[in-house]
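Each chain, written out:
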Amino acid sequence: MTARRSTNIRQDFPNLGSAIQALSSRAKRLAGRLWTYGLDNRTNIRPAVGWPLWLVPFLLAAQLVSPGGLWLALAIALTLIYGTAYAWVRIQIAQLEFGCTMPSRLTMVGDTVEVQCRVANPSSLPIIWCEFLDSASLRFRFAANRVVACPDRASTEWTETVLCQRRGWLRLGPVRLRLGDPLGLMEGTRTFAQQHEILVYPRIVRLPECSLVQQIQSGSWRQRRRLQGAVKAPILREYTPSDSLRHVHWPSTARRGELTVTELETEPGVSMTVALDLENSAHVGDGPTGTLEFSIMIAGSLVAQVLDTRDQSRCGLLCAGSDNAIELFSPVQGPRLLWHVVHALAGIAPGEVTLANLLNRTRRELSQARGNSVMVVAAFPSSPGQVALMEAWVSELASLQQAGVACGVILCRFGSGEPDVTLPGPVETALAAFEPRVFDTSTVFEPVLTHRRQTTRYITTPFGGTVAVTEQELVG
């Protein structure tokens, strides 16, 4: 009978549940506005334990039905207790202040960063407890939740220390400070919308001397372009299909009866464009040992290694991030480009542009630059889908090589064992033409970019005191 009656009520009033929920939410919003009346929108006050307040109207109703001093005394006592707790929180939360000091030095993956945080209490009431809450995303959160206390008309300072395990923006904020009264009946929250950020750069390491960079510089790379110099040499040789007709020596051709070209002296240095694969599905693993972060480290280190030479070498970067926009830094000389590249790699996120599409869309720019070479940095495939992606970009790279562009490959393999996927014969044969270099993500390299950092260490004396010792350490 009861189930049938409830079913009839639902049929007669199909929107009764939603109406009750809407009425309840309006009542909560109205109560929230009453608690925060006269305060800014950054501040919120609400009861931490609210059920005793519901006793006040029942006590007043009992006083009307059965007059007596007990009901009225209980109602007045509850009102005074909650009124005092509300006044305590309101006075403190309206004057609460927060500030922090961020380090201004260069920060790289693996560094430890210290941020000085400060909570000030200008009111005449002490803060029994204040919870520090960081609203930044878990991936980029800088500070952990913390509970501090603060005397009246004073401030409390503490140091947040974090190990930078990821490149990118490390954020502090928006910060929420939550406090309450001594009895724990009311609580207030104040939000500080300012965001403080630190850009964590990828690690720049020293690649082995047997890397392809050295092969290009020494001229031993067998895919290297011929006739890439600017000064003619007194050497004549027979024409080959890869030679340009601009270098044909016509008097010798007429005298010999066959096409003859003039050999050009090789330009000093290297002109290289590092093509980085940032397609999301082409990478495996997470963090510093994942192929994505490892590939970014290798690409930045490769640019630094080429620009560090003293033979007028030029280097550039080609990649596409999460916005699917192509980032192309043309090969130039000097260390200025290195910081532009490192800055771009620090904040870039993986996208949907495949490496094959990236090479295809920039084929004209890559092949028109005189003496340019392309070095691909990609992940070693670990699934059949990634093998298909490799087959596509290897085909594009072969087309660039046929157009006269010297090409090379550096592969980043996840883990330290044998790969789980075997490359098909045609893909392995086509890849072998570029003499690929394979690095495991567990490989440890020597850092290149280092800086000195001043740290303070506290030593306990035999008499129970502490001594602050300032030290200089080399960070790489």
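Structure first, text after, so check above.
Think of each chain on its own: its residues are numbered from 1, step by step along the sequence as written. This being a predicted model, a pLDDT of at least 70 is required before a residue's local features are given, and a value of 80 or more before pairs of side-chain atoms are given or counted; all residues contribute to the totals for chains, interfaces and linings. Only hydrogens and water are set aside; all other atoms, that is, all heavy atoms of the structure, feed into the side-chain values.

For the rest of this paragraph, the subject is the side chain of Gln-92. Helix and strand assignments follow DSSP, with helices taken as H or I runs no shorter than four residues and strands as E runs no shorter than two, numbered in order from the N terminus. With respect to the helices, strands and loops of the structure, Gln-92 is situated in helix 4 (residues 69-95). When its relative accessible area of 0% is taken as the criterion, Gln-92 is described as buried. A distance of 3.2 Å separates a polar atom in the side chain of Gln-92 from the backbone oxygen of Leu-125. Note on definitions: a residue-residue contact is assigned when non-hydrogen atoms from the two residues lie within 4.5 Å. Those residues in contact with Gln-92 that lie beyond four places of it in its chain are Ser-123, Leu-125, Pro-126, Ile-127, Leu-179 and Gly-180. Note on classification: 1.4 Å probe, protein chains only; a residue is buried when its accessible area is under 20% of the maximum for its type, exposed when over 50%, partly exposed between these limits. Counted as a polar contact is a pair of N or O atoms within 3.5 Å, where, for protein atoms, one must be capable of donating a hydrogen and the other of accepting one, and residues adjacent in sequence contribute only when both atoms are in side chains.

Now for the sheet that holds strand 6 (residues 154-163). Strands are treated as partners if at least two bridges between them are detected by DSSP. Strand order in the open sheet made by the three strands is 2-3-6, with antiparallel pairing throughout. Two strands lie at the open edges of the sheet, namely strand 2 (97-101) and strand 6, each paired on one side alone. Here the average twist between neighbouring strands, direction ignored, is 20°. As defined by bridge partners, strand 2 adjoins strand 3 (residues 112-121) across five bridges and the pair is classed as antiparallel. Bridge pairing links Thr-101 to Gln-116 in strand 3. The convention used is that axes are lines fitted to C-alpha atoms, helices contributing only their stretch in contact, and that angles between N-to-C directions extend from 0 to 180 degrees.

Let us look at the nonpolar core. In this description, a nonpolar core means a group of buried Ala, Val, Leu, Ile, Met, Phe, Trp, Tyr and Cys residues linked to one another through side-chain atoms lying within 4.5 Å. Counting 38 residues, the largest nonpolar core has Val-274, Leu-276, Ile-298, Leu-302, Leu-317, Val-377 and Phe-445 as its most contacted members. Counting residues per element, this core draws most heavily on helix 7 (residues 291-307), which supplies 11 residues. Here Ile-298 is in contact with Leu-207, Val-377, Ile-410, Cys-412, Phe-439 and Phe-445, once residues within four sequence places are set aside. Counting 32 residues, the second-largest nonpolar core is a separate cluster that includes Ala-85, Cys-117, Phe-132 and Val-175.

Turning to helix 8 (residues 336-347), a few remarks are in order. Regarding helix 8, the residues found buried are Leu-337, Leu-338, Val-341, Val-342, Leu-345 and Ala-346. Contacts from the buried residues of helix 8 go to strand 7 (168-172), strand 10 (196-200), strand 14 (271-276), helix 7, strand 15 (314-320) and strand 16 (326-332).

The next point concerns the packing of helix 3 (residues 55-65) against helix 4. It is at 8 Å that the axes of helix 3 and helix 4 come closest, and there the two elements cross at 155°. With respect to helix 4, the axis of helix 3 lies roughly antiparallel. Every pair of crossing elements has a handedness; the one defined by helix 3 and helix 4 is left-handed. Mapping the contact onto sequence places Leu-55, Val-56, Leu-59, Leu-60, Ala-62 and Gln-63 in helix 3 and Trp-71, Leu-72, Leu-74, Ala-75, Leu-78 and Thr-79 in helix 4. Roughly parallel here means an angle under 35 degrees, roughly antiparallel means over 145, roughly perpendicular means 65 to 115, and every remaining angle is called oblique. Helix crossings get a hand from a simple test, with the near helix turned counterclockwise from the far one by less than a right angle marking a left-handed crossing and a clockwise turn marking a right-handed one.

Looking at the secondary structure, you find Asp-111 in the loop between strand 2 and strand 3. Classification of Asp-111 by relative accessible area gives buried; the value is 2%. When the C-alpha positions of Asp-111 and Val-162 are compared, they lie 8.6 Å apart, and in sequence the two are 51 residues distant. For Asp-111, the side chain forms a polar contact with the main-chain nitrogen of Met-108, separated by 2.9 Å.

Each patch is built from residues that are more than 30% exposed by relative accessible area and take part in no salt bridge. Like charges join if they lie within 9 Å; nonpolar side chains (Val, Leu, Ile, Met, Phe, Trp, Tyr) join within 5 Å. What sets the accessible areas is the Shrake-Rupley method with a 1.4 Å probe; for residues, cover comes only from the shown protein chains. Put simply, a salt bridge is a Lys or Arg side-chain nitrogen that is within 4 Å of an Asp or Glu carboxyl oxygen. Together, Val-49, Trp-51, Trp-54, Leu-55 and Phe-58 line one region of the surface with nonpolar side chains, adding up to about 620 Å² of accessible area. In this structure, Val-49 sits in the loop between strand 1 (43-47) and helix 3. Looking at Val-49, the relative accessible area reads 31%, which means it is partly exposed.

With that settled, the discussion passes to the environment of Arg-33. With respect to the secondary-structure elements, Arg-33 resides in helix 2 (residues 16-35). Look at Arg-33 and you get exposed, because its relative accessible area is 58%. Taking the C-alpha atoms as reference points, Arg-33 and Arg-46, separated by 13 residues in sequence, lie 9.8 Å from one another.

Any link to function would need more than the numbers given here.
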